Amino acid sequence: MAQKGLARETVVRAALELLDETGLDGLTVRRLAARLGVQNPALYWHFRNKQELLDEMSRELLAPEMGGPREGETWREWLTRRAHRYRRMLLSHRDGARLVAGGDPGPTVARAFESELEILTGLGFTPGQGLHAIASLSHYTLGFVLNEQARRERRAAGDAPDLAAYAAEYPLTVAGVREGGAPAGDEAFSHGLGLILDGIAGTLRDF
């Protein structure tokens, strides 16, 4: 039975707002209760513990991101768009990647994932190929954003390394950055994504 006057969806939205302000480490039940103007026990009408709240926050972000290809899209175009959309979602909240990495996706997301696998099998993938294709892209995107957001937190704390100081000692690294751009950001993400998609296409040809 839910606490009268306090909807579960309201708690989740407030928690996501608080996440943006404090980061995952600063998100506590006490702070969330204060933000909502209630006592701590009121939140436990909706969530048995903090992890259950974090799981629901993660599901709130993930559920809208699932879906199939648009009219006329190839599997590669669809999965490319899916990966970019997933990255944008993770970046849309402070510590979004950490939140999702530690969350339980739950049955709603699992059903959506099953539907995506059904689409891929209809496009010529075996269930195993489809499973590992989506998992590889998701893990790559999640890891990439974890790195991006960790660097962002360090910069915000004034603890970013002075990369210019390494220029003389690591000339090949500097040359690589000048040639292909920094190993972070939009260009780097797209480059790595393309390599993974090339590998997926290769497994389909070899099958």
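Residues numbered from 1 in each chain as written. Predicted model: local features only at pLDDT ≥ 70, side-chain atom pairs only at ≥ 80, totals over all residues. Heavy atoms only, no water.

Quick look at the pattern of salt bridges
Line of reasoning, step 1. Taken as a whole, this structure holds 14 salt bridges when the rule is applied.
Line of reasoning, step 2. When the shortest N-O distance is used, the salt bridge between arginine 35 and glutamate 21 registers 2.9 Å. One end of the pair, arginine 35, is in helix α2 (residues 29-36); the other, glutamate 21, is in helix α1 (residues 8-22), with 14 residues separating them in the sequence.
Line of reasoning, step 3. Residue classification places glutamate 21 among the partly exposed positions, given a relative accessible area of 48%.
Line of reasoning, step 4. One salt bridge in this structure joins arginine 59 and glutamate 56, with 3.4 Å as the shortest N-O distance. Of the two residues, arginine 59 and glutamate 56 are both situated in helix α4 (residues 50-62); the distance of three residues between them amounts to about one turn of the helix. (Salt bridge = Lys/Arg side-chain N within 4 Å of Asp/Glu carboxyl O. Helix = DSSP H or I, 4+ residues; strand = E, 2+ residues; numbered from the N terminus. Buried < 20%, exposed > 50% of the residue type's maximum accessible area, 1.4 Å probe, protein only.)

Here we look at the nonpolar core
Line of reasoning, step 1. Membership of the largest hydrophobic core comes to 31 residues, with the highest contact counts inside it found for Leu32, Met57 and Leu99.
Line of reasoning, step 2. Of all the secondary structure elements, the ones that give two or more residues to this core are α1, α2, α3 (40-43), α4, α5 (75-91), α6 (96-101) and α8 (127-156).
Line of reasoning, step 3. Looking at which element gives the most residues to this core, the answer is α1, with seven residues.
Line of reasoning, step 4. Counting 18 residues, the second-largest nonpolar core is a separate cluster that includes Trp78, Ala83, Leu120 and Leu137. (Core = buried A, V, L, I, M, F, W, Y, C linked by side-chain atoms within 4.5 Å.)

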